[in-house]
Amino acid sequence: MGRLFVVSLEGKVYSCKHCRTHLALCEDVVSKSFHSRHGKAYLFSKVSNISLGEKEDRLMMTGLHTVADIFCVGCGSIVGWKYETAHEKNQKYKEGKSVLERS
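Because the structure is a prediction, the values reported are computed rather than measured.

Enquirer: Go over the UniProt feature "domain: Yippee" (unreviewed entry) in the protein chain, please, and point to the residues and values.
Expert: Using the residue numbers shown here, the UniProt feature "domain: Yippee" (unreviewed entry) corresponds to residues 12-103. In this annotation, residues 12-103 is assigned 0% helix and 60% strand; the end-to-end C-alpha distance for the span is 17 Å.

Written out as structure tokens, the structure reads:
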């Protein structure tokens, strides 16, 4: 599998609930009004220490989106998803951004 490379973030951070690997900075939160299957979720402009799953189309509350699940590189837990493509014009602002699930 190779050597694990983890970036340590400076400042107030959000981290994986299982292994405490840093995932994102508080200053990169775009919106706190998102919801996931398990509760609250936050939209971030950038995240670190993640790997991407396969792209797939998902019908969400705001319409059809092409997304990829994101996994913590520290422990492999699913931590959210990344918006690859928004199929509706008013949702285009999500493209390239990631959602981390709160717990």
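Additional details are given in the paragraphs that follow.
Enquirer: Can you explain the sheet that holds strand β6 (residues 63-72)? Please cite residues and give values.
Expert: Sheet architecture is open: six strands sit in the order β3-β4-β8-β7-β6-β5, paired in antiparallel fashion. Each edge of the open sheet carries a strand with a single partner, namely β3 (29-36) and β5 (50-60). The mean angle between the axes of side-by-side strands here comes to 30°, regardless of whether they run parallel or antiparallel. Looking at chain direction, β5 and β6 are connected through nine bridges and run antiparallel. Directly across from Leu59, in β6, lies its bridge partner Leu64.

Enquirer: Residues and numbers for the pairing of strand β2 (residues 22-25), please.
Expert: Of the strand pairs in this sheet, strand β1 (residues 13-15) and β2 are connected by three bridges, and their pairing is antiparallel. The residue of β2 that forms the bridge with Tyr14 is Ala24. Joining the antiparallel neighbours β1 and β2 is a turn of six residues, in which Arg20 adopts a positive phi near 65°.

Each value, and the rule that gives it
- Residues numbered from 1 in each chain as written.
- Predicted model: local features only at pLDDT ≥ 70, side-chain atom pairs only at ≥ 80, totals over all residues.
- Heavy atoms only, no water.
- UniProt positions renumbered as here; feature names shortened; annotations may be inferred.
- Helix = DSSP H or I, 4+ residues; strand = E, 2+ residues; numbered from the N terminus.
- Pairing = 2+ DSSP bridges.
- Axes fitted to C-alpha atoms, helices over the stretch in contact; angles between N-to-C directions.

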